[in-house]
Amino acid sequence: MAPVKVTMEVGTDGVAVITIFNPPVNALAIPIIAGLKEKWTEATMRNDVKAIVLTGNGGRFSGGFDINVFQKVHANGDTSQMPDVSVDLVVNTMEDGKKPAVAAIEGLALGGGLELALGCHARIAAPRAQLGLPELSLGVMPGFGGTQRLPRLIGLSKAVELMMTSKPIMSEEGKKLGLIDAIVPSSELLKVSRQWALDIAERRKPWMRSLHKTDKIGSLSEAHEILKVAREQVKQTAKNMPQHLACIEVIEEGIIHGGYNGVLKEAKVFKDLVLSDTSKGLVHIFFSQRATSKVPNVTDIGLKPRTVKKVAVIGGGLMGSGIATALALSNTIVILKEINSEFLQKGMKAIEANVSGLVARKKLPQDKADKALSMVKGALDYSDFKDVDMVIEAVVENVPLKQKIFSEIEKVCPPHCILATNTSTIDLNIIGENTTSKDRIIGAHFFSPAHIMPLLEIVQTEKTSAQAILDLMAVGKAIKKVPVVVGNCTGFAVNRTFFPYSQGAHILVNLGVDVFRIDTQIASFGLPMGPFQLQDLTGYGVAVAVGKEFRSAFSDRTFMSPLIDLLIKSGRNGKNNGKGYYIYEKGRKPRPDFTVLPIIEESRRLANIMPGGKPISVTDREIVEMILFPVVNEACRVLDEGIVVRASDLDVTSVLGMSFPSYRGGIVFWADTVGAGHIYRSLKKWSELYGNFFKPSRFLEERATKGIPLSAPSSTSSVSRSRM
Ligand SMILES: C[C@H](O)CC(=O)SCCNC(=O)CCNC(=O)[C@H](O)C(C)(C)COP(=O)(O)OP(=O)(O)OC[C@H]1O[C@@H](n2cnc3c(N)ncnc32)[C@H](O)[C@@H]1OP(=O)(O)O
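What you see is a predicted model, and the numbers here were worked out from it, not measured in a lab. (Residues numbered from 1 in each chain as written. Predicted model: local features only at pLDDT ≥ 70, side-chain atom pairs only at ≥ 80, totals over all residues. Heavy atoms only, no water.)

### Thoughts on the pattern of salt bridges
And step 1. This model, assessed by the stated rule, comprises 39 salt bridges.
And step 2. D88 is the partner of K37 in a salt bridge, and the nearest nitrogen-oxygen pair spans 3.2 Å. Of the two residues, K37 is situated in helix α1 (residues 30-45) and D88 in helix α3 (residues 85-95); the sequence distance between them amounts to 51 residues.
And step 3. Using a relative accessible area of 29% as the deciding quantity, one classes K37 as partly exposed.
And step 4. The residue K402 makes a salt bridge to E393 at a minimum N-O spacing of 2.7 Å.
And step 5. Within this structure, R496, D556, R557, E634, R637 and E641 form a network of salt bridges that share partners. (Salt bridge = Lys/Arg side-chain N within 4 Å of Asp/Glu carboxyl O. Helix = DSSP H or I, 4+ residues; strand = E, 2+ residues; numbered from the N terminus. Buried < 20%, exposed > 50% of the residue type's maximum accessible area, 1.4 Å probe, protein only.)

What follows is the structure in structure tokens.
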């Protein structure tokens with residue numbers, strides 16, 4: 001293992017260069033913090049040291065405080081494991097120390113890393129270094145003085161924005177804002193930083209302590225106004241999370257009572273936040289997301305991903321055009337194939353619209369948009385397929401059609417070409433039935449809109465080769481997705497786990513619960529919208545098609561709600577035609593459409609599941625539980641069957657694919673916080689009252705009875721089984 005250490009070298013110029021070594025991101029682990037304190041103290045005492053330069057080894061300044069420490073605190077609840085960095089190291093030793101210090105920043109300075117740099121007396125950066133305070137995204141807040149120093153350096157408004165959004169800026173913008181004093185090429189970073197530090201020591205440049213600066217903060221009333229607006233915004237954007245409002249309060253403390261008092265309050269509130277459930281959930285998701293890139297027998301057997309330069313996408317509909325857009329944006333040559341010129345033109349237009357939408361929302365510069373569009377070529381036959389490295393089929397969910405396409409592409413593509421399908425539910429073995437290339441067949445399940453949604457569910461069969469999986473993982477990463485490798489079954493990991501979600505909602509409605517109350521409760525739990533508004537958005541056709549697949553695969557637990565058919569018969573098709581459970585008008589938020597209520601009444605009459613013909617009475621909490629516990633139950637079956645490598649993969653997929661609130665840590669993590677026992681007992685009770693849909697799975701029953709967390713590893717996983 002590479003050494004974790006802090007070194008100091010004193011040059012003949014009298015500059016001590018203190019360097020952090022903790023690959024890959026120079027995280028500020030406890031020994032690093034101790035090392036910094038030791039070297040800084042030594043540099044301060046040594047007579048041959050005039051000034052200090054702080055830097056990070058390997059082209060990265062620092063990715064911030066070691067997040068593993070949060071995990072330890074979460075496990076044992078002991079915050080005393082976290083050293084006093086903000087006062088002892090940053091204020092007393094660095095900022096108020098006797099020798100001037102310059103931060104030499106390359107690559108990135110994030111969180112505690114940037115905060116150390118803020119405690120130095122100047123900051124010199126290489127071009128395109130990332131600077132940010134992303135702590136709120138981990139459920140905490142800047143804890144090494146960042147809440148106080150950043151506003152004093154760049155102004156309150158911008159500092160609040162950077163902290164609230166957790167988004168980094170580049171060093172070029174940092175220079176304009178006053179965060180960075182100079183930008184120099186990497187090759188000159190240390191030389192210029194050394195000279196800058198000497199210039200401060202010899203008073204040729206200002207010896208600036210940012211905690212003492214006041215000129216950028218503005219008047220008290222201006223500050224109050226900025227913080228008031230920020231509070232209003234986060235009430236909308238960060239519901240159910242404590243860290244945003246806590247951070248604003250700490251910033252305010254410093255504005256009213258001075259930076260030092262702000263630092264003291266920051267340290268106190270930081271420790272409270274670390275122990276919050278929100279931080280536990282978000283830190284869990286951080287590590288879980290990184291764990292998905294480790295797939296046994298794929299990423300640990302010495303294979304290297306092959307280059308994938310050219311990809312053919314078959315089908316230019318919503319999914320196909322989205323996938324083509326995502327590929328083109330990452331400079332992959334794309335062939336978009338359709339069956340006739342009308343459909344092809346539509347597909348190409350959709351790609352153009354996707355790209356120009358990103359430009360309009362300022363997410364993509366025009367030159368990159370032009371480049372992306374130049375990467376896509378339309379095709380009506382297979383002549384361009386002779387040198388493609390991968391095909392992604394994205395046609396309608398029709399088994400014979402997909403089978404035909406796969407036997408055709410097997411013939412026209414080169415032998416190394418990966419044959420992927422974007423099916424969301426159909427068994428891959430059925431799709432590839434008529435081919436002899438089963439080792440190259442793989443699922444590339446994107447989520448709509450494919451050029452925006454971050455998840456790529458990679459589905460393997462027992463025959464898919466490790467090389468094909470690795471290649472698709474690399475393509476996924478290149479197009480900025482989070483690839484998660486799962487096993488083959490109806491609905492795979494994501495749709496399979498969540499199929500009971502809308503089913504549960506339909507059971508509740510047919511049991512007499514108000515449709516809009518259900519949506520409100522699910523939205524206040526933290527999903528972006530309730531199940532009925534979601535159904536309006538995806539269209540009822542999708543609900544019918546997906547329902548069919550699940551009914552044939554899991555007939556023992558599929559509820560046949562009459563409601564969708566009744567809605568379609570009454571001319572409703574959700575947002576598509578502006579008529580669903582909600583009324584859709586341009587520029588307005590969807591409003592409940594109460595004329596849907598008689599249709600719901602009719603559905604209840606046909607379903608006839610209300611005990612004694614009377615609506616059931618449920619609490620708000622029960623509504624959420626009756627919808628989400630069946631999802632947990634299905635997640636248990638997915639775990640039991642070894643469809644995912646590890647339980648936390650379902651947490652990541654639920655967050656990235658289904659927008660389950662990340663601050664609840666994902667579906668399995670959340671279930672464990674609720675407790676398997678409570679979930680089991682509730683489902684058992686409901687199954688006795690309302691039928692098999694709620695029947696607890698064997699896995700859940702066993703875990704609940706034995707008191708084992710749902711996330712504890714199980715002995716089997718089809719994904720990690722060795723390959724032939
Ligand atoms: C008191 C303070 O105010 C509190 C803090 O500082 S909290 C920490 C704030 N910092 C952050 O939130 C940054 C978190 N890290 C990241 O966003 C990204 O890792 C990054 C942008 C630094 C690098 O991204 P990338 O190059 O894609 O590498 P990525 O795969 O994410 O990380 C590489 C490894 O470093 C680890 N790592 C990254 N940042 C880390 C951190 N701050 N602590 C511990 N480990 C960290 C990752 O877990 C991963 O480990 P693995 O290889 O064993 O899975």
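Following the structure, the description resumes.
### Section: the site of the ligand
And step 1. The full set close to the ligand counts 27 residues, and R60, G112, E115, E135 and R290 are the nearest of them.
And step 2. Interatomic distance of 2.7 Å between a side-chain N/O atom of R290 and an oxygen atom of the ligand.
And step 3. Elements with a minimum of two residues in the shell around the ligand: α2 (67-76), β5 (108-110), α4 (112-119) and α12 (277-291).
And step 4. Broken down by class, the residue content of the shell around the ligand amounts to 15 nonpolar, six polar and six charged. (Near = heavy atom within 4 Å. Polar contact = N/O pair within 3.5 Å; in protein donor to acceptor, adjacent residues only side chain to side chain. Nonpolar A, V, L, I, M, F, W, Y, C, P; charged D, E, K, R; others polar.)

### Some points on unusual backbone geometry
And step 1. In the segment running from P23 into P24, the intervening peptide bond is cis, with an omega of 5°.
And step 2. For P24, the location among the structural elements is in the loop between β2 (15-21) and α1.
And step 3. For the bond from S448 to P449, the omega torsion is -5°, close enough to zero to count as cis.
And step 4. Among the secondary structure elements, P449 is positioned in the loop between β15 (441-446) and β16 (455-459).
And step 5. The backbone of R203 shows a phi angle near 65°, a positive value even though the residue is not glycine.
And step 6. Position of R203 among the secondary structure elements: in the loop between α8 (189-201) and α9 (220-237).
And step 7. Take R203: its relative accessible area is 61%, and that puts it in the exposed class.
And step 8. For F492, which is not glycine, the phi dihedral falls at a positive 50°.

### Considerations on helix α28 (residues 676-690)
And step 1. Along its 15 residues, α28 runs 20 Å from first to last C-alpha, staying within 8% of the 21 Å computed at 1.5 Å per residue.
And step 2. For α28, the full list of buried residues reads A676, I679, Y680, S682, L683, W686 and S687. Angularly, the buried residues of α28 cover 170° about the axis, an arc narrow enough to put them on a single face. α28 presents R681, E688 and L689 as exposed residues on the side facing more than 90 degrees away from its buried surface.
And step 3. Where α28 is buried, its residues meet α25 (620-640), α27 (667-674) and α29 (698-706).
And step 4. Among the residues trailing α28, G691 stands out with phi positive, at a value near 110°. (Expected span 1.5 Å × (residues − 1). Arc of directions from axis to C-beta. Contact = heavy atoms within 4.5 Å.)

### With respect to the pairing of β2
And step 1. Burial analysis of β2 places seven of its seven residues in the buried class, the great majority of the element.
And step 2. Here β2 shows no split at all, with V15, V17, T19 and F21 on one side and A16, I18 and I20 on the other all buried.
And step 3. For strand β1 (residues 5-10) and β2, the ladder comprises six bridges, and the chain directions are antiparallel. The residue of β2 that forms the bridge with K5 is F21.
And step 4. Taken together, β1 and the strand that follows it, β2, pair antiparallel across an intervening segment of four residues, in which G14 is found at a positive phi of about 85°.
And step 5. Pairing analysis gives six bridges linking β2 to strand β3 (residues 51-56), with the strands arranged parallel. Bridge pairing links T19 to T55 in β3.
And step 6. For the segment spanning β2, α1 and β3, crossover handedness is right-handed. (Pairing = 2+ DSSP bridges. Right-handed = clockwise from strand over helix to strand, strands pointing away.)

### Some points on the UniProt feature "domain: 3-hydroxyacyl-CoA dehydrogenase C-terminal" (unreviewed entry) in the protein chain
And step 1. As recorded in UniProt, the feature "domain: 3-hydroxyacyl-CoA dehydrogenase C-terminal" (unreviewed entry) lies at residues 491-584.
And step 2. The span residues 491-584 is 61% helical and 2% strand by assignment, and the distance between its end C-alpha atoms comes to 30 Å. (UniProt positions renumbered as here; feature names shortened; annotations may be inferred.)

### Notes on the nonpolar core
And step 1. Counting residues in hydrophobic clusters, the biggest one holds 95 residues, and the most contacted among them are F385, V391, I409, Y581, L650 and L710.
And step 2. The element that contributes the greatest number of residues to this core is α25, accounting for 12 residues.
And step 3. In this structure L650 touches A493, T497, A635, V638, L639, V644, I667 and V668, once residues within four positions along its chain are discounted.
And step 4. Grouped together as the second largest cluster of nonpolar side chains are 77 residues, I20, I67, L116 and V283 included. (Core = buried A, V, L, I, M, F, W, Y, C linked by side-chain atoms within 4.5 Å.)

### Overview of the packing of aromatic side chains
And step 1. Per the stated rule, a full pass over the model turns up 21 aromatic pairs.
And step 2. The interplanar angle of 80° and the centroid separation of 5.2 Å between the aromatic rings of F525 and W670 together place this pair among those described as edge-to-face. Here W670 lies in helix α27 and F525 lies in helix α20 (residues 515-525), a separation of 145 residues in the sequence.
And step 3. Owing to a relative accessible area of 7%, W670 belongs among the buried residues under this scheme. (Phe/Tyr/Trp six-rings, centres within 6.5 Å; stacked < 30°, edge-to-face > 60°.)

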